[in-house]
Amino acid sequence: MINPEVGRENEFDIKTDKPLNIAIIGGGPAGMSAAKYLAKKGHNVELYEKDNKIGGQLNAAKIPPHKDEIGRVIEYLKRDLKKYKVKIHLNKNITLNDIKEMPYDKFVIATGSKPGKIVLEMDVNSYNAIDVLYGNLPRGNDIAIIGGGLTGLETAEYLAKKGKNVTVFEAKDEVGEGIFPMIRKLLLNRLKNLNVNIFTKTVIKEISGGKILYSVNGAYKVLKVDDVVTAVGNLPDKEFTELTNDGRYYFIGDCKSVASAVEAIRDGAELSLII
Ligand SMILES: Cc1cc2nc3c(=O)[nH]c(=O)nc-3n(C[C@H](O)[C@H](O)[C@H](O)COP(=O)(O)OP(=O)(O)OC[C@H]3O[C@@H](n4cnc5c(N)ncnc54)[C@H](O)[C@@H]3O)c2cc1C
């Protein structure tokens with residue numbers, strides 16, 4: 001994840017003879033990586049982040065059990081941003097109007113993705129998984145997590161370790177789609193040991209009166225629930241979409257296509273091969 005140069009060191013060992021002024025919008029792994037590699041190549045790079053810290057979703061990714069090491073990626077990239085003299089502007093939410101006025105030669109859009117929402121009326125408290133990881137803990141004991149991707153499963157482990165009775169509902173045949181096989185296996189084993197229930201091929205029909213009504217292969221079932229946590233995947237940020245066909249703007253990371261920090265960091269690094 002942290003070294004996209006591996007095995008292709010010579011490709012990245014280049015200096016520009018035409019330094020440009022480049023603004024990076026978004027300080028997640030994609031934006032940090034682009035800033036690092038473009039500055040290393042000799043461009044003048046400034047990074048704008050709307051939050052009060054850089055790291056993007058990696059700040060949430062480092063919270064579940066066994067994930068603290070991913071936080072070191074932020075520290076590693078931060079050190080390089082300092083080394084290559086990238087100017088960082090925190091608490092700067094850049095809008096479409098702002099960007100059109102900003103005096104740079106090129107812009108890198110790395111504004112990431114936002115959690116998707118489910119359209120389902122419910123009379124229990126509903127939380128977003130990322131907010132839960134940031135500390136907005138459900139108060140009830142019986143927790144239904146809707147969505148069994150990486151975020152849903154890691155949030156399940158996080159809540160189960162806090163003593164909650166957790167059930168994961170997944171519409172697909174299997175949970176953990178796209179997770180690296182060994183990591184998925186270890187995670188599922190840990191969830192089993194924590195007595196997390198995992199229901200696949202489920203369709204949620206209704207959540208009311210402290211119960212969740214769902215169907216599996218056409219058969220209806222009911223489970224008691226206090227709170228619901230949604231983890232139904234992310235959607236790319238669309239703030240700057242209308243600039244897609246303008247050659248001065250480059251889109252990288254989750255805002256181009258939702259994937260992972262591995263892709264985001266590689267995307268950012270590879271941008272330095274073309275600018
Ligand atoms: C719980 C969880 C666990 C994960 N675990 C892993 C894992 O183990 N391995 C892995 O590879 N990936 C993991 N991921 C996915 C990974 O974190 C994301 O794919 C990656 O962070 C995307 O990087 P990005 O830079 O494109 O976007 P983001 O990380 O979303 O960063 C975008 C940044 O842009 C800023 N921004 C947005 N709009 C503006 C604006 N208008 N002006 C200024 N700033 C703006 C945001 O505040 C944010 O800091 C996990 C994600 C989560 C939520």
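Draft legend 1. Fine view of the packing of helix α7 (residues 150-161) against helix α8 (residues 181-193). Interhelical geometry of α7 versus α8 gives an angle of 35 degrees and a closest axis separation of 10 Å. Considering how the two elements wind past one another, α7 and α8 form a crossing that is left-handed. On α8, the residues that touch Leu-153, Ala-156 and Glu-157 of α7 are Leu-187, Arg-190 and Leu-191. In terms of residue class, the contact of α7 with α8 is made up of four nonpolar, no polar and two charged.

Draft legend 2. Focus on helix α2 (residues 29-41). An ideal rise of 1.5 Å per residue puts 18 Å on 13 residues; α2 measures up with 18 Å between its terminal C-alpha atoms. Listed as buried for α2 are Pro-29, Ala-30, Gly-31, Met-32, Ser-33, Ala-34, Ala-35, Lys-36, Tyr-37, Leu-38, Ala-39 and Lys-41.

Draft legend 3. Structural context of the sheet that holds strand β7 (residues 142-146). Spatially, β6-β13-β7-β8-β9 is the arrangement adopted by the five strands of the open sheet, whose pairing is parallel. The strands lining the two open edges of the sheet, one partner per strand, are β6 (125-128) and β9 (197-199). Averaged over all pairs of adjacent strands, the angle between their axes in this sheet comes to 20 degrees, without regard to strand direction. Sheet analysis places β6 next to strand β13 (residues 227-230), joined by four bridges and oriented parallel. Directly across from Tyr-127, in β13, lies its bridge partner Val-229. Most of the contacts of α7 go to strand β8 (residues 165-169), to which it runs at about 170 degrees, and overall it touches β7, β8 and β13.

Draft legend 4. View of the sheet that holds strand β12 (residues 219-224). Read across the open sheet, the three strands follow the order β10-β11-β12; overall the sheet is antiparallel. This sheet does not close on itself; its edge strands, each paired only once, are β10 (202-208) and β12. Strand-to-strand twist of the sheet, defined as the mean angle between neighbouring strand axes without regard to direction, takes the value 25 degrees.

Draft legend 5. Region of the structure containing the nonpolar core. In terms of nonpolar packing, the biggest core is built from 67 residues, with Ile-24, Ala-34, Ala-35, Val-108 and Ile-145 touching the most fellow members. When residues of this core are assigned to domains, at least three map to each of domain 1 (9-114 + 234-271) and domain 2 (117-230). Apart from residues no more than four positions distant in its own chain, Ala-35 is found in contact with Ile-24, Val-45, Leu-47, Leu-81 and Val-86.

Draft legend 6. Representation of the pairing of strand β1 (residues 21-25). Of all five residues making up β1, four are buried, and the element is well covered by its neighbours. With five bridges connecting them, β1 and strand β2 (residues 44-48) associate as parallel partners. Each bridged residue has a counterpart across the sheet, and for Ile-22 the counterpart in β2 is Val-45. Chirality of the crossover, the property in question, places the unit of β1, α2 and β2 among those that are right-handed. Of the pairings in the sheet, the one linking β1 to strand β4 (residues 106-109) comprises four bridges and is parallel in character. From the neighbouring strand, Ile-24 faces β4, where its bridge partner is Val-108.

Draft legend 7. Structural context of the environment of Thr-167. Within the element layout of this structure, Thr-167 appears in strand β8. A C-alpha to C-alpha distance of 7.9 Å links Thr-167 and Asp-142, two positions 25 residues apart in sequence. Apart from the residues within four sequence positions on either side, Thr-167 is in contact with Ala-144, Asn-197, Phe-199 and Leu-223.

Draft legend 8. Quick peek at the site of the ligand. Close to the ligand lie 39 residues, the nearest being Gly-26, Gly-28, Gly-56, Gly-112 and Gly-253. Elements supplying a minimum of two residues to the shell around the ligand: α2, α3 (58-61), α6 (129-133), α7 and α9 (261-271). In terms of residue class, the shell around the ligand is made up of 18 nonpolar, 13 polar and eight charged. There are two domains that each give the shell around the ligand at least three residues, and those are domain 1 (9-114 + 234-271) and domain 2 (117-230).

Parameters and conventions
Residues numbered from 1 in each chain as written. Predicted model: local features only at pLDDT ≥ 70, side-chain atom pairs only at ≥ 80, totals over all residues. Axes fitted to C-alpha atoms, helices over the stretch in contact; angles between N-to-C directions. Helix = DSSP H or I, 4+ residues; strand = E, 2+ residues; numbered from the N terminus. Left-handed = near helix turned anticlockwise from the far one by under 90°. Contact = placed C-beta atoms within 7 Å. Nonpolar A, V, L, I, M, F, W, Y, C, P; charged D, E, K, R; others polar. Expected span 1.5 Å × (residues − 1). Buried ≥ 20, exposed ≤ 12 C-beta atoms within 10 Å, placed from the backbone. Pairing = 2+ DSSP bridges. Core = buried A, V, L, I, M, F, W, Y, C linked by C-beta atoms within 7 Å. Domains from an automatic or database assignment. Right-handed = clockwise from strand over helix to strand, strands pointing away. Near = placed C-beta within 6 Å.

All quantities given are derived from atomic positions and should not be read as evidence of function.
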